[in-house]
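# Chains, contacts and geometry: an overview
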Amino acid sequence: ARYAGVDPGLVRYYFGKTSHLLAEVVQQVITEMRVARRTRADFKEVEERLEHRIADAVRLFQGNPFLHQIVIELIFSGVQPRAREMWQKETIAPALEEWSAVIDKGVEEGKFRRVDPRFMQVLVIAAGEFYATGRSLLEDMFGADAVDGDLERAYIEFVRDIMLYGLVRRDK
């Protein structure tokens with residue numbers, strides 16, 4: 001509150017506990033990402049939709065590197081009663097519906113095989129979170145000067161290609 005130039009008393013008045021404030025922040029961040037994704041929902045190609053979902057996750061965690069840890073502490077620890085139920089309804093269910101739509105379209109077009117959307121969600125979360133929180137390892141592997149927008153773009157494309165094609169040679 002002080003960092004933002006706001007009286008801490010106002011924060012307590014509006015949110016009560018710090019955990020309530022953090023829960024609102026998490027929900028706001030996820031809502032903003034979902035709204036941004038809906039503005040791009042008209043992409044025609046399923047490969048493009050897949051790539052944008054990966055990019056969204058990478059950028060979500062870069063902008064909020066501790067988001068997943070906050071979610072774990074607030075929702076899965078039991079600190080917030082009913083938080084897990086709300087999380088499942090307002091965050092997980094819509095995300096899985098979006099994944100199902102992408103996968104269904106890809107299957108319908110003959111481009112994808114049927115996969116479990118829950119695993120897609122887990123994979124993209126893991127890929128996005130690691131890119132944001134594994135910066136030291138990325139710097140050690142690619143060099144401190146290489147960890148920039150070009151590396152991010154290459155990483156997103158790599159994750160997309162692994163999800164689309166695996167490691168199987170395409171010329172077979």
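Residues numbered from 1 in each chain as written. Predicted model: local features only at pLDDT ≥ 70, side-chain atom pairs only at ≥ 80, totals over all residues. Heavy atoms only, no water.

## Remarks on a nonpolar patch on the surface
Taken together, the side chains of Val6, Leu10, Tyr13 and Tyr14 define a hydrophobic patch exposed on the protein surface, amounting to about 470 Å² of accessible area. Counting through the fold element by element, tyrosine 14 comes out in helix α1 (residues 8-15). Residue classification places tyrosine 14 among the exposed residues on the basis of a relative accessible area of 60%. (Patch = residues over 30% accessible without salt bridge, like charges linked within 9 Å, V, L, I, M, F, W, Y side chains within 5 Å. Areas by Shrake-Rupley, 256 points an atom, 1.4 Å probe, with all protein chains shown as cover. Salt bridge = Lys/Arg side-chain N within 4 Å of Asp/Glu carboxyl O. Helix = DSSP H or I, 4+ residues; strand = E, 2+ residues; numbered from the N terminus. Buried < 20%, exposed > 50% of the residue type's maximum accessible area, 1.4 Å probe, protein only.)

## A word on the packing of aromatic side chains
Considering all chains together, one arrives at 1 aromatic pair under this definition. In this structure, arginine 53 packs its charged tip against the face of tryptophan 99, placed 4.3 Å from the ring centre. (Phe/Tyr/Trp six-rings, centres within 6.5 Å; stacked < 30°, edge-to-face > 60°. Lys NZ or Arg CZ within 6 Å of the ring centre and 35° of its normal.)

## A short note on helix α8 (residues 149-165)
Think of an α-helix as 3.6 residues a turn; residues three or four steps apart then line up on the same face. If you check α8, its first and last C-alpha atoms are 24 Å apart, about what 17 residues at 1.5 Å a residue would give, namely 24 Å. Restricting attention to buried positions, one finds in α8 the residues Leu151, Glu152, Tyr155, Ile156, Val159, Arg160 and Met163. Buried positions along α8 lie against α3 (46-63), α5 (83-108), α6 (117-133) and α7 (135-142). Structurally, the start of α8 carries an N-cap: the backbone nitrogen of aspartate 150 is 3.0 Å from a side-chain oxygen of aspartate 148. (Expected span 1.5 Å × (residues − 1). Contact = heavy atoms within 4.5 Å. Polar contact = N/O pair within 3.5 Å; in protein donor to acceptor, adjacent residues only side chain to side chain.)

## A word on the side chain of arginine 160
Within the element layout of this structure, arginine 160 appears in helix α8. Separated by 2.5 Å, the side chains of arginine 160 and glutamate 51 make a polar contact. What arginine 160 contacts, discounting residues up to four positions off in sequence, is Glu47, Leu50, Glu51 and Ile54.

## Digging into the confidence of the model for the protein
Per-residue pLDDT for the protein has a mean of 83; in total, 91% of the residues score no lower than 70. In the model of the protein, helix α2 (residues 18-39) stands out as the element of lowest mean pLDDT, 72, in contrast to α6, which has the highest, 93. (pLDDT = per-residue confidence, 0-100.)

## What about the pattern of salt bridges?
Applying the stated criterion to the full structure yields 13 salt bridges. For glutamate 152, the salt bridge goes to arginine 59, with nearest N and O atoms at 2.8 Å. On the criterion of sequence distance, the pair formed by glutamate 152 in helix α8 and arginine 59 in helix α3 is long-range, its members being 93 residues apart. Under the relative-accessibility criterion, arginine 59 is labelled partly exposed at 43%. When salt bridges that share partners are traced, they join Glu45, Glu47, Lys105, Glu109 and Lys111 into one network.

## Regarding α6
Taking 1.5 Å as the rise per residue, α6 with 17 residues should run 24 Å; its terminal C-alpha atoms sit 24 Å apart, in good agreement. Every buried residue of α6 is accounted for by Pro117, Met120, Gln121, Val124, Ala127, Gly128, Tyr131 and Ala132. Buried residues of α6 fall within an arc of 135° about the axis and therefore sit on the same side. Of the exposed residues in α6, those oriented more than 90 degrees away from the buried face are Arg118, Phe119 and Val122. (Arc of directions from axis to C-beta.)

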